[in-house]
Amino acid sequence: MVEPRIFASPGALYQHAVNVFAHATADAVHQRGRCVVALSGGETPRPLFGLLARQSDIAWCDTHLFWADERCVPPEDRSSNYGAAKETLLDRIAIPIGNVHRTRGELRPLDAADACEVELRRFLGPTGRIDLVYLGLGIDGHTASLFPQHQALEESVRWMLPVHASAMPAWRITATLPLLNAARHVVFLVVGRNKGSALRRVLDGEPLPAARVRPTHGTLDWLVDGSACSR
Ligand code: 6PG
């Protein structure tokens, strides 16, 4: 059952999202010596990245960044999720280059997915437990690059898959539900009136891709701003 936490403004939502990041990373580093985070793309997380870039209490030297999904484009392409994070966050923080595990969107889709899968399995081990995942909500109820009715939703083994979407850029690499649902903490960021319908459908229990992210042994937070709750 999704229970959204509603914020009066996007600013309040993003500040809370920063606090979640700071606490989750500190907790993971204290318990396991490192924190593994998966970022999502699109526009919603950009303000979060800008705020994170100004946080002084995050142990970036012990924090590793992956992406919940990436478009199959070179990193300098304006639609690259890594590129957006580089512009708003990575270029402004002292994070070791080895801590940034970019999905190599410039490769052929299957090669990019395979490379990411290998890196994740090498890094996480068989449990595949990412500490903190930020996800967005598409107006059709997709999340990461898991789109409604897509075969990738039924994947039960792989952690990363190439998918061909109707949205452009068409080819993307996406985390699968097995990987997302193994996470310790999943945080959805939902901002804007245009997300109201998809959010309503999720809250009504429709089995949309975003609604199928339910961490098996982790926490699930839906941070929603008031405008997205207008319905
Ligand atoms: C992507 C994202 C995608 C995004 C939603 C919401 O690569 O596009 O990972 O899942 O989170 O489409 O996008 P906005 O934040 O731009 O509304």
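Preceding block: the structure.
Definitions and cut-offs
Residues numbered from 1 in each chain as written. Predicted model: local features only at pLDDT ≥ 70, side-chain atom pairs only at ≥ 80, totals over all residues. Heavy atoms only, no water. Salt bridge = Lys/Arg side-chain N within 4 Å of Asp/Glu carboxyl O. Buried < 20%, exposed > 50% of the residue type's maximum accessible area, 1.4 Å probe, protein only. Pairing = 2+ DSSP bridges. Helix = DSSP H or I, 4+ residues; strand = E, 2+ residues; numbered from the N terminus. Axes fitted to C-alpha atoms, helices over the stretch in contact; angles between N-to-C directions. Phe/Tyr/Trp six-rings, centres within 6.5 Å; stacked < 30°, edge-to-face > 60°. Lys NZ or Arg CZ within 6 Å of the ring centre and 35° of its normal. Contact = heavy atoms within 4.5 Å. Polar contact = N/O pair within 3.5 Å; in protein donor to acceptor, adjacent residues only side chain to side chain. Near = heavy atom within 4 Å. Areas by Shrake-Rupley, 256 points an atom, 1.4 Å probe, with all protein chains shown as cover. Nonpolar A, V, L, I, M, F, W, Y, C, P; charged D, E, K, R; others polar.

**Digging into the pattern of salt bridges**
Using the criterion set out here, one finds 14 salt bridges in the structure. Put simply, Asp204 and Arg200 hold a salt bridge, and the shortest N to O gap is 3.1 Å. On the accessibility criterion, Asp204 (54% relative accessible area) is exposed.

**A few points about the sheet that holds strand S4 (residues 69–71)**
Spatial strand order, S4-S7-S6: 3 strands in an open sheet with antiparallel pairing. The sheet is open, and its two borders are formed by S4 and strand S6 (160–164), each paired with just one other strand. Mean inter-strand twist for the sheet, computed between neighbouring axes without regard to direction, equals 20°. In this sheet, strand S7 (residues 171–175) lies alongside S6 in antiparallel orientation, the contact comprising 5 bridges. Counted as the bridge partner of Val163 is Arg172 from S7.

**Quick word on the packing of aromatic side chains**
Taken as a whole and judged by the stated rule, the model has 5 aromatic pairs. Between Phe188 and Trp222 the ring centres are 3.9 Å apart and the planes differ by 10°, which places this aromatic pair in the stacked class. Of this pair, Phe188 sits in strand S8 (residues 185–190) while Trp222 sits in strand S9 (residues 219–225), placing them 34 residues apart in sequence. For the pair shown, Phe188 and Trp222 are each scored as buried. Ring-pair connections join several aromatic residues into one group, and the members of that group are Phe21, Trp60 and Tyr134. The cationic tip of Arg34 hangs over the ring face of Phe123; the distance from NZ or CZ to the ring centre is 4.1 Å.

**A few points about the sheet that holds strand S3 (residues 63–67)**
The strand order across the open sheet built from 6 strands is S1-S9-S8-S5-S2-S3, with neighbouring strands paired in parallel fashion. The strands lining the two open edges of the sheet, one partner per strand, are strand S1 (5–7) and S3. Here the strands of the sheet are splayed against their neighbours by 20° on average, with no regard to which way each runs. Relative to strand S5 (residues 132–135), strand S2 (residues 35–39) runs parallel, the two being bridged by 2 bridges.

**Things to note about helix H3 (residues 81–88)**
Here H3 lies mainly inside the structure; 6 of its 8 residues are buried. On the buried face of H3, the contacting elements are S2, helix H2 (46–53), S3 and S4. For H3, the N-terminal capping position is held by Ser80, with its side-chain oxygen 3.2 Å away from the main-chain nitrogen of Tyr82.

**A few points about the site of the ligand**
Taken together, the neighbourhood of the ligand is formed by 15 residues, with Thr44, Asp69, Arg71, Ala144 and Lys195 sitting nearest. Between Gly41 and the ligand, the recorded distance is 3.3 Å, taken from a backbone N or O atom to an oxygen atom. In this structure, Asp69 approaches the ligand through a side-chain N or O atom, which is 2.6 Å from an oxygen atom. Within the complex, the protein chains bury 87% of what would otherwise be the 410 Å² of accessible surface of the ligand. The residue inventory of the shell around the ligand, partitioned by class, reads 2 nonpolar, 8 polar and 5 charged.

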